[in-house]
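Overview (structure and organization)
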Amino acid sequence: MKTVFFFTLCIFSLNVIAQDKLGVFDHHEDVGNPSMKGSATYNPETQQYTVESAGINMWDKADQFHFLWKKIKGDFIISASVQFIGKGTNPHRKFGIIARDKLTTDSRYADACVHGDDLTSLQYRSSDGAITEQVELSVFHPTDIELQRIGNKFIFSAAVFGENYKSVSKEIELGEEVFAGIFICSHEDKVLEKAIFSNVRITIPAAKDFRPYRDYLGSHIEVMEVQTGLRKILHSAPNSLQAPNWTKDGKTLIYNSEGLLYNFDLATGTISKLNSGFATNNNNDHVLSFNGKNIAISNHMGTTRISTLFTLPITGSDNPVAITAPESGHSYLHGWSPNGKSLIFTGQRNKQYDIWSIDIATKKETQLTNTLTLDDSPEYTPDGKWIYFNSVRTGTMKLWCMKPDGSQQEQVTFDEYNDWFPHISPDGKWIVYLSYPVEINPTEHPWYQKIYLRLMPASGGIPRNIAYVYGGQGTINVPSWSPDSKRIAFVSNTQLK
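Here goes a summary of the coordinates provided. As the structure is a prediction and not an experimental result, all values here were calculated from the model.

This part takes up the overall build of the protein chain. If you tally the helices and strands in the protein chain, you get one helix and 39 strands. A globule of 497 residues ought to have a C-alpha radius of gyration of about 23 Å, and the protein chain, at 25 Å, matches this closely. Principal-axis analysis of the C-alpha atoms places the extent of the protein chain at approximately 75 × 60 × 40 Å. Every one of the 497 residues in the protein chain was classed for burial, and the buried ones make up 54%. When contacts within the protein chain are restricted to residue pairs at least 6 apart in sequence, those whose partners lie at least 24 apart make up 53%. When the accessible area of the protein chain is evaluated, it comes to approximately 21200 Å², of which 53% is carbon and sulfur surface.

This part is about the sheet that holds strand β39 (residues 487-494). An order of β18-β17-β39 is seen for the three strands of this open sheet, with the pairing classed as antiparallel. Only two strands of the sheet have a single partner each, and these edge strands are β18 (231-237) and β39. Across the sheet, the axes of successive neighbouring strands diverge by a mean angle of 25 degrees, strand direction being ignored. Two strands pair when backbone bridges link them, and strand β17 (residues 218-225) and β18 are joined in this way by six bridges, in the antiparallel orientation. Each residue of the ladder has a partner; that of S219, found in β18, is A237.

All right, on to the pairing of strand β10 (residues 120-125) then. Judged by how many residues are buried, β10 sits mostly within the fold: six of six residues are covered. On β10, burial covers both faces: T120, L122 and Y124 on one face and S121, Q123 and R125 on the other are all buried. Where strand β9 (residues 109-115) and β10 come together, six bridges link them in antiparallel fashion. Residue pairing across strands places A112 opposite L122, the latter belonging to β10. What sits between β9 and β10 in their antiparallel hairpin is a turn of four residues. As judged from the four bridges shared by β10 and strand β11 (residues 133-136), these two strands associate in the antiparallel manner. Each residue of the ladder has a partner; that of Y124, found in β11, is E133.

Here seven strands make up an open sheet; going across it, the order is β1-β6-β15-β8-β9-β10-β11 and the pairing antiparallel. Both outer strands of the open sheet, β1 (27-31) and β11, are each paired with one neighbouring strand and no more. Each neighbouring strand pair of the sheet contributes to a mean axis angle of 25 degrees, computed without reference to strand direction. Across seven bridges, the pairing between strand β8 (residues 94-100) and β9 is antiparallel. Looking at β9, one finds that G96 is bridged to C113.

This part takes up the environment of V321. Here V321 lies in strand β26 (residues 321-322). Beyond its immediate sequence surroundings of up to four residues, V321 is in contact with L309, F310 and T311.

The subject of this paragraph is the side chain of N465. Secondary-structure assignment places N465 in strand β38 (residues 464-471). You can call N465 buried: its relative accessible area is 0%. Engagement of the side chain of N465 in a polar contact is seen with the backbone oxygen of E163, the distance being 2.7 Å. Reaching out from N465, the side chain makes a polar contact with the side chain of N164 at a distance of 2.8 Å. Not counting chain neighbours up to four residues away, the residues in contact with N465 comprise F161, G162, E163, N164, Y452, L453 and R454.

Now for the state of the cysteines. Per the stated rule, a full pass over the model turns up zero disulfides. The cysteine C185 is free of any disulfide, with C113 supplying the nearest cysteine sulfur at 8.3 Å. Since its relative accessible area comes to 0%, C185 is described here as buried.

Next up on the list: the pairing of strand β25 (residues 306-313). Counting buried positions along β25 gives seven out of eight residues, so the element sits mostly inside the fold. As judged from the eight bridges shared by strand β24 (residues 294-301) and β25, these two strands associate in the antiparallel manner. The residue of β25 that forms the bridge with N299 is T308. Adjacent in sequence and paired antiparallel, β24 and β25 are bridged by four residues, among which G302 carries a positive phi angle near 70 degrees.

A few words now on the packing of aromatic side chains. Under the defined criterion, the tally for this structure stands at 19 aromatic pairs. Consider the rings of Y255 and Y262, whose centres lie 5.7 Å apart with planes at 25 degrees: the pair is stacked. Classification of Y262 by relative accessible area gives partly exposed; the value is 21%. One Lys or Arg, R349, reaches over the ring of W356 and ends 5.9 Å from the middle of that ring.

Right, let's talk about the environment of A159 for a bit. Within the secondary structure, A159 sits in strand β13 (residues 153-159). According to the relative accessible area criterion, A159 is buried, its value standing at 1%. The sequence separation of A159 and I145 amounts to 14 residues, and the corresponding C-alpha distance is 6.6 Å. If we ignore the near neighbours within four places in the chain, the residues touching A159 are V139, P142, T143, D144, N164, Y165 and Y468.

Let us look at the pattern of salt bridges. Pairs may arise between side chains of opposite charge once their charged atoms sit close together. Summed over the entire model, instances satisfying the criterion amount to 17 salt bridges. The shortest N-O distance in the salt bridge between K232 and E45 comes to 3.2 Å. Taken together, the residues span a long stretch of sequence, with K232 in strand β18 and E45 in the loop between β2 (39-43) and β3 (48-55) at a distance of 187 residues. Residue K232 is classed as partly exposed on the basis of its relative accessible area of 23%.

Notably, N33 is not glycine yet its phi reads approximately 55 degrees, a positive angle. For N33, the position within the fold is in the loop between β1 and β2. The residue A243 is not glycine, and still its phi comes out positive at about 55 degrees. Along the chain, the position of A243 falls in strand β19 (residues 242-246). Overall, A243 belongs to the buried group, its relative accessible area being 0%.

Cut-offs applied
- Residues numbered from 1 in each chain as written.
- Predicted model: local features only at pLDDT ≥ 70, side-chain atom pairs only at ≥ 80, totals over all residues.
- Heavy atoms only, no water.
- Helix = DSSP H or I, 4+ residues; strand = E, 2+ residues; numbered from the N terminus.
- Rg over C-alpha atoms; globule rule 2.2 N^0.38 Å.
- Buried < 20%, exposed > 50% of the residue type's maximum accessible area, 1.4 Å probe, protein only.
- Contact = heavy atoms within 4.5 Å.
- Areas by Shrake-Rupley, 256 points an atom, 1.4 Å probe, with all protein chains shown as cover.
- Pairing = 2+ DSSP bridges.
- Axes fitted to C-alpha atoms, helices over the stretch in contact; angles between N-to-C directions.
- Polar contact = N/O pair within 3.5 Å; in protein donor to acceptor, adjacent residues only side chain to side chain.
- Disulfide = S-S within 2.5 Å.
- Phe/Tyr/Trp six-rings, centres within 6.5 Å; stacked < 30°, edge-to-face > 60°.
- Lys NZ or Arg CZ within 6 Å of the ring centre and 35° of its normal.
- Salt bridge = Lys/Arg side-chain N within 4 Å of Asp/Glu carboxyl O.

Written out as C-alpha cells, the structure reads:
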C-alpha cells in the first residue's frame, strides 16, 4: 500500500511540475512571500505572457515579486516587449528581466528594471543581503528591453519601439548558473499590478570560438506584424534554417536548410522538401517570380563550388534550368524583374562584385554597377521602375537605388549602421532591411549578431526599428513580405541543442 501511495505521489508531483512550466519558462512563483499571491498565464496563439503580482518592493535587502524563470548556465540574452496594464497605484511599480543566484528574498541579482514613473535602471545586489544599487538608463517608459550576460558583465538595453537601444552595464559576480526570466512587483503590499510581456526570447549566443560556416546555432522561423512589431515563432530547429519567403498565395513559407529548400505550410505547420533535382548545394538566395509560378535559386556547382543561377517551377523539378554559367564566376541571386524576363544578381566578374542582370531567354548579361567596392542585394520595385541594393562605396554599407538600366544611382540611407538586404513590400509602399552595428566589417553580413530589422517608406523618410533580433546571415536575405504587405518572415538564432 505504501508503494502505491508513493507512486501516486510521484505522479502528482510530476503533474504539478509540468503544469508550472509556462511557455519558454520552467517555473513561475512568488519570491519573498508577498501577502497577495501572484499569477501568470501564457497565450500560445499570441505567445504573450500576462503576469500579476503584489510585493512591497525590490530594493534594500529584500525583494517581493512574481517570477517566471528558467535555469541558464553561462552567457545569455533575454529580451521582451513590455507593457503595464492600467494606470497603477504606486509610481514605483516595476517589471523587467532578472537573473538571480537563488530564489531567496535577499539573493544577489542583476536586472533590467522599468518603473511606473520615469526611472529605468540596471538594479543589482552584489552579495546576499546587501543593499540594492542601480545604474540608471536614460530611456523613459521603454517598450523593448534586453538583459545580456557576458561572463560577469550584465548589459541592460532599452528602447521605445522604433528607436535604437541605449545601454548601461555593470560587472556583477553571479554564479555560472542562474535563475533568469521576467518579473513584476507592485511596490504595494495589498495591490496587484499586471503586465503583458510579448516577443519574449531567451537566446544562448554563439561561443567565443564559433567558426563561421562550420559551426551553427539553432533557428526560429518567425513571422512579425510590421506595424505593431508583434512576433510569433512558427518553427524551431537545432540546425541552421535560413531565409524564409512567402508564396504568392500566402499559404507557404519556403526556406533553405543545409543546401536544400523546404516548404512550411502555414495552416498545418507541416514541412515538405521542395524538389530541386541535382541542385542540392543551394545557398540562401532563392527568389519567387512576381507571378508566383517559378522560383530562382543559387546553387554551388562543382568542386570549386561556383554559385550558379537556375530556375524551376514553384512546384519543384528534377532538372532546374541553368541561367548563368559557372565559368563566368560567382552569381548570387537576389531578384526577378516584374515581367519575369530577367534576373538580377550580385556577380563576381572582372575581379570585383557588381550588380548584373541577365536575360533568361538569351542568357545575355548586362552590368548595372561598376565600382571597386562591393555592391550587393539588388531587388526590383513591384512597378519595375527602380532597383534597390546595398553598397559600401561610401565606406559604410548603405542602401542605394537606381533605374533598371543602372542610371541615376542614389544613396537612400545615411546613418552609421551597416544596412543590408532591402526588400520592397508588394504594395510598393515600404522597404524593410537589416542593420548591423557600426563595428561590423561593412563588406560582410556575418552570422549571430545583435541586429535591427528596420522599416522605411519607399517614398523616403526616417527609418524606424521594428524588431531587435539575434541573427544576421540567413535572417532576411530574400524577399520576405507576405502578399498583403502586412507581415514579414525572418529567422532568429539561439543555441537549441
